[in-house]
Structures are given as C-alpha cells and as structure tokens.
Amino acid sequence: MNKTAITTFAAALAAALVVGCATGGSASGTAMPSDSELDRLAMTMAKASFRDQGLVKVDRLQQDDTNRECSAAQAAGRPLTEARAKAIEAANMKTIKWPADGKFLGDWKEGEKIAQNGRGLTWTDDAKVTPGGNCYNCHQITKEEISFGTIGPSLYNYGKLRGVTDPNSPAAKPMVEYTWGKIWNAKAYNACSNMPRAGHGGVLNEQQIRHIVALLLDPKSPVNQ
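Residues numbered from 1 in each chain as written. Predicted model: local features only at pLDDT ≥ 70, side-chain atom pairs only at ≥ 80, totals over all residues. Heavy atoms only, no water.

**Q** Even after reading the chapter, I still don't get the overall build of the protein chain, so can you show me in this structure?
**A** When you go through the protein chain residue by residue, the secondary structure sums to eight helices and zero strands. Ordered by position from N to C terminus, the α and β elements of the protein chain give α-α-α-α-α-α-α-α. Put simply, the protein chain has 225 residues, and 35% of those count as buried. About 13600 Å² of surface is accessible on the protein chain, with carbon and sulfur atoms providing 56% of the total. (Helix = DSSP H or I, 4+ residues; strand = E, 2+ residues; numbered from the N terminus. Buried < 20%, exposed > 50% of the residue type's maximum accessible area, 1.4 Å probe, protein only. Areas by Shrake-Rupley, 256 points an atom, 1.4 Å probe, with all protein chains shown as cover.)

See below:
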C-alpha cells in the first residue's frame, strides 16, 4: 500500500470509528463500525490502493447489481431467497447474446487451445492479444491434460453423458443452447455461480465461445472419447 493509500485508509477508519461511537458501539463498550460503514471503508481502501495501468482500470472494482447482491448474501452468511435468486437469473438470462448466424459450434481443436490459454486482460498484457478462457483452471476437460482445477465439476464426457450424438439435431438443441448460455453468462442458470461470465464480461468473443461449445459437444472432441 502506498503512502496516499495509507493516509486515506487511516482517515476513513477514523471517520468510521467516530460514526461507530455516535451509533452506540459494541456490548464490550468498544465502538464498532456498522457493516455498511465497513463496506465503505473497504472500498475507500481498495480505490486508494489501485490505479489504472495498462489494460486494467480501477473501474474493475465496481460490482454490478448481481455480484453486489451475491457478495452481500455471502458476507451475511445467508443464501438468497429462492424468489430473489430466480429474479437475478432472469435478469442475467436477458443479457445472453446468441450466435448471430445461428451456428453454435466451431472447431473443437481451437476450443482446446482457448481452454488451455489463461493469458489476457492483466496489466502486463498487450491489448491486441485475444484473451484465453483458462477453463482448465477450474475443470477437468480431457483425459490428456492431467493438470486441472477442481473448483468446478469435471467436464470430461460432457456431451456423451448428456446423450449428444449429433449437436446439429433438433434433439440436441436444448443442450447446445444451455451450453452456450452457461458459458456466456453462468449466472443466468445459477444466480451466485462462481463461474466467470465469459461472454457477458467480455472475456471471450462469440467465435471463441463457438469453439468451446464444440470442445464440449462435438462427438469427435477428445472430451467425448
């Protein structure tokens, strides 16, 4: 933390403590800021500690309504009500952009490259470099790759287990659309999903998502072997 950030933090903390004193304090007699005051303090500290550099701008600290509500629920230790979760999912569903040409699948080989690539969108990256999906960071995808994360479910045999033998058939359409939508904006299907909203967040473009869908659903893909 730089000198300016320390000064800002100290001033914000002092102000929060003053407000805490004015509003009563804790049972032990020690004044404690409220949750909202602590939230403001944390944001003040974060804004003072970061700066625009390269591709990365301070506006990344700003949460949208969905992330803000999910973060608040997690901090409070209380899950969203079913009605509120459904409302958030419906709002996110409206943000999904379906393929302009109606084609959901691309080249699974390109999809594998994107899934393996975790570069992009950091302050050291060139703006001309197309970001990767970094999918293996959270998922097992093929048997050939033995280094993968487990925060998300295994996607090995993704299409095969779901009975997709011809992704272009009418029978496969619901699963194809679900897969596209899940990659574009996972919160449309699970309000507080930890999965990045790859399309909605501008991490992956339409053609990249086609390739990832092919990696997961093409019968020829190693995912389904």
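**Q** When you look at the state of the cysteines in this model, what are you seeing that I'm missing?
**A** In protein chemistry, a disulfide is the covalent bond that joins the sulfur atoms of two cysteines. Evaluated as defined, the whole model comprises one disulfide. Across the disulfide from Cys-70 sits Cys-192; the S-S distance is 2.0 Å. Because the torsion about its S-S bond is -85 degrees, the bridge between Cys-70 and Cys-192 counts as left-handed. Placement of the pair is Cys-70 in helix 3 (residues 65-76) and Cys-192 in the loop between helix 7 (173-184) and helix 8 (206-217), with a sequence separation of 122 residues. By relative accessible area, Cys-70 is classed as buried at 10%. You can see Cys-135 has no disulfide; the closest cysteine sulfur is in Cys-138, sitting 8.7 Å from it. (Disulfide = S-S within 2.5 Å.)

**Q** Where do I start with helix 8 in this structure?
**A** For an α-helix the count is 3.6 residues per turn, leaving residues at separations of three or four pointing the same way. For helix 8, spanning twelve residues, the distance from its first C-alpha to its last is 16 Å, which sits close to the expected 16 Å at 1.5 Å a residue. Across the twelve residues of helix 8, ten count as buried, placing the element largely inside the fold. Within the span of helix 8, buried status applies to Gln-208, Ile-209, Arg-210, His-211, Ile-212, Val-213, Ala-214, Leu-215, Leu-216 and Leu-217. Along its buried surface, helix 8 packs onto helix 5 (108-116), helix 6 (158-161) and helix 7. Its side-chain oxygen at 3.2 Å from the backbone nitrogen of Gln-207, Asn-205 defines the N-terminal cap of helix 8. (Expected span 1.5 Å × (residues − 1). Contact = heavy atoms within 4.5 Å. Polar contact = N/O pair within 3.5 Å; in protein donor to acceptor, adjacent residues only side chain to side chain.)

**Q** For this particular structure, what's the right way to read the packing of aromatic side chains?
**A** Each aromatic ring pair is characterised by the separation of its centres together with the angle its planes make. With the rule as written, the count across this model stands at four aromatic pairs. Measuring from centroid to centroid gives 5.6 Å for Phe-104 and Trp-180, while their planes differ by 85 degrees, and the two rings are edge-to-face. Taken as a pair, Phe-104 in the loop between helix 4 (82-93) and helix 5 and Trp-180 in helix 7 lie far apart in primary sequence, 76 residues in all. In this structure, Phe-104 and Trp-180 share a single accessibility class: buried. Judged by centre distance (6.4 Å) and plane angle (15 degrees), the ring pair of Trp-180 and Trp-184 falls under stacked. Taken as a pair, Trp-180 and Trp-184 lie in helix 7 at a separation of four residues, close to a single helical turn. For Trp-180, a relative accessible area of 0% puts it in the buried group. (Phe/Tyr/Trp six-rings, centres within 6.5 Å; stacked < 30°, edge-to-face > 60°.)

**Q** Which parts of the structure should I look at to understand the nonpolar core?
**A** For soluble globular proteins, the rule of thumb is that nonpolar side chains tend to be buried together. In this structure, Ile-141 and Ile-212 are the most contacted members of the largest nonpolar core, which totals 25 residues. Mapped by element, the contributors of at least two residues to this core are helix 5, helix 7 and helix 8. Ranked by residue count, the leading element in this core is helix 8, at six residues. Once residues within four sequence positions are removed from consideration, Ile-212 is found in contact with Gly-111, Ile-114, Ala-115, Cys-135, Ile-183 and Leu-204. (Core = buried A, V, L, I, M, F, W, Y, C linked by side-chain atoms within 4.5 Å.)

**Q** I'm lost on the environment of Ala-75 in this one. Help?
**A** Looking at the element boundaries, Ala-75 is found in helix 3. Take Ala-75: its relative accessible area is 71%, and that puts it in the exposed class. Placed 40 residues apart in sequence, Ala-75 and Asp-35 show a C-alpha to C-alpha distance of 9.7 Å.

Shape is all these values report; function is a separate question.
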